[in-house]
Amino acid sequence: MHHIAKFNICGIYYTMQSEIEYCLRLPTEQQNAFATHVARLFPQASSPHTQDLFSIYYDTPELHLARQGLGLRLRRQGDTWVQTVKFVPATTSSSSLDNDAEASSRGLHTRVEIEHVTATQALELQHIEHAPMRDFLTSASIAPVLQPVFTTRIQRTQWHIPCPKNGMAELALDIGTIECNTHTMPVSEVEIELKQGALEALLPIVQTLQQELALSPQPYNKAERGYRLMLQTLGTSAQHGAA
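Residues numbered from 1 in each chain as written. Predicted model: local features only at pLDDT ≥ 70, side-chain atom pairs only at ≥ 80, totals over all residues. Heavy atoms only, no water.

Account for the overall build of the chain, with residues named and values stated.
Within the chain one finds 6 helices and 10 strands. Across the 243 residues in the chain, those meeting the buried criterion constitute 47%. Restricting to contacts in the chain with at least 6 residues of sequence separation, those with at least 24 account for 68%. If you sum the accessible surface of the chain, you get close to 12300 Å²; carbon and sulfur atoms cover 51% of it. (Helix = DSSP H or I, 4+ residues; strand = E, 2+ residues; numbered from the N terminus. Buried < 20%, exposed > 50% of the residue type's maximum accessible area, 1.4 Å probe, protein only. Contact = heavy atoms within 4.5 Å. Areas by Shrake-Rupley, 256 points an atom, 1.4 Å probe, with all protein chains shown as cover.)

Following this line, the structure appears as structure tokens:
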């Protein structure tokens, strides 16, 4: 069950469903033993499911999407391509901004997500169900200049964990890389997403994992880290050009 959130695009506020998850860094030396820990700590969890995910993130040369706080990607899951638009719910006060910053520092992320399966490995912006977002991304100043800016290659192993009061959490181990041109950034992290129930249902899972493993909050999602890598790549290219 996703939750209702308010978001802002171009100064106009709308409501949509959001996803809520914790993201925690996992030391690479603990990757191999992670599944064993999950089986011991959460005997009620489902059997693990592993899949390879390849994602392409898009933006304009001027990074209009990043400046609006939007993420646009195509992801290959098996033989299927899925288009996803993500963005952070809007905040309307300084206290809300402080709360968001504090939540991110703990690894807690809340984002609105719009996705659908595409027919091919190509963006289908005209099929975005939410009209304001579709109008923005298909506008003459955005759609014609969208281009890949970075990619991710992730092996994801997932478990579903029942929680009290009919809650459900999805636990995922993500191992892989973020890539931009010839530059790469390693990914080794654990995500605990709320699928049904109240946010409080995630806390015992997070706390149990942190007691057993050297997990630390990951304040930046993969898209944010991808943009950081891209900017580092551009900086390196500029230095080489100047030399």
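From this point, the discussion proceeds with the structure in view.
Got a sec to walk through the side chain of Gln-218? Specific residues and values, please.
Mapped onto the elements of the fold, Gln-218 is located in the loop between strand S10 (216–217) and helix H6 (222–242). A distance of 3.1 Å separates the side chain of Gln-218 from the backbone nitrogen of Tyr-220, its partner in a polar contact. (Polar contact = N/O pair within 3.5 Å; in protein donor to acceptor, adjacent residues only side chain to side chain.)

Could you give an account of the layout of surface pockets, naming the residues involved and the relevant values?
Volume-wise, the largest pocket comes out at about 760 Å³. Residues that form the lining of the largest pocket fall into these classes: 12 nonpolar, 8 polar and 17 charged. (1 Å grid on protein atoms, 1.4 Å probe; cavity = no way out; pocket = protein on both sides within 12 Å on 5 of 7 lines; lining within 4 Å. Points joined across faces, edges and corners; volume = space filled by probe spheres on them. Nonpolar A, V, L, I, M, F, W, Y, C, P; charged D, E, K, R; others polar.)

So what's going on with the nonpolar core? Which residues, and what values?
Phe-34, Phe-42, Leu-171, Val-190, Ile-192, Ile-205 and Leu-209 are the most contacted members of the largest nonpolar core, which has 26 residues in total. Setting aside chain neighbours within four positions, we find Leu-209 in contact with Phe-34, Leu-41, Phe-42, Leu-171, Val-190, Ile-192 and Leu-215. Phe-54, Leu-65, Phe-87 and Leu-146 belong to the second-largest nonpolar core, a separate cluster that totals 19 residues. (Core = buried A, V, L, I, M, F, W, Y, C linked by side-chain atoms within 4.5 Å.)

Can you explain the confidence of the model for the chain? Please cite residues and give values.
The predicted model of the chain has a mean per-residue pLDDT of 86, with 83% of residues at 70 or higher. Across residues 4–15, confidence stays below pLDDT 50; counting only partners more than four residues off in sequence or on other chains, it has 42 contacts. Confidence drops under pLDDT 50 across residues 92–98; counting only partners more than four residues distant or on other chains, this segment forms 4 contacts. (pLDDT = per-residue confidence, 0-100.)

Any details on the pattern of salt bridges? Residues and values, ideally.
Here the structure, examined in full by the defined rule, presents 13 salt bridges. Here Arg-156 makes a salt bridge to Glu-191, at a shortest N to O gap of 3.7 Å. Here the residue Arg-156 occupies a position in strand S7 (residues 147–163), and Glu-191 occupies one in strand S9 (residues 183–196), the gap between them amounting to 35 residues. Taking the shortest distance from any N to any O, the salt bridge between Glu-189 and Arg-225 comes out at 2.7 Å. With Glu-189 in strand S9 and Arg-225 in helix H6, this residue pair connects regions lying 36 residues apart in the sequence. Summarising the burial analysis for this pair, Glu-189 and Arg-225 share the class buried. What you see here is one network of salt bridges that share partners, running through Arg-156, Asp-174, Glu-189, Glu-191, Lys-222 and Arg-225. (Salt bridge = Lys/Arg side-chain N within 4 Å of Asp/Glu carboxyl O.)

An account of the pairing of strand S8 (residues 167–180) is requested, with residue identities and associated values reported.
With 11 of 14 residues buried, S8 is to be regarded as a mostly interior element. In sequence, S7 turns back onto S8 through a hairpin of 3 residues, with Lys-165 there showing a positive phi of about 60°. As defined by bridge partners, S8 adjoins S9 across 13 bridges and the pair is classed as antiparallel. For Ala-172, the partnering residue across the bridge sits in S9 and is Glu-191. Here S8 folds back onto S9 in antiparallel fashion, the turn holding 2 residues, of which Asn-181 has a positive phi close to 55°. (Pairing = 2+ DSSP bridges.)

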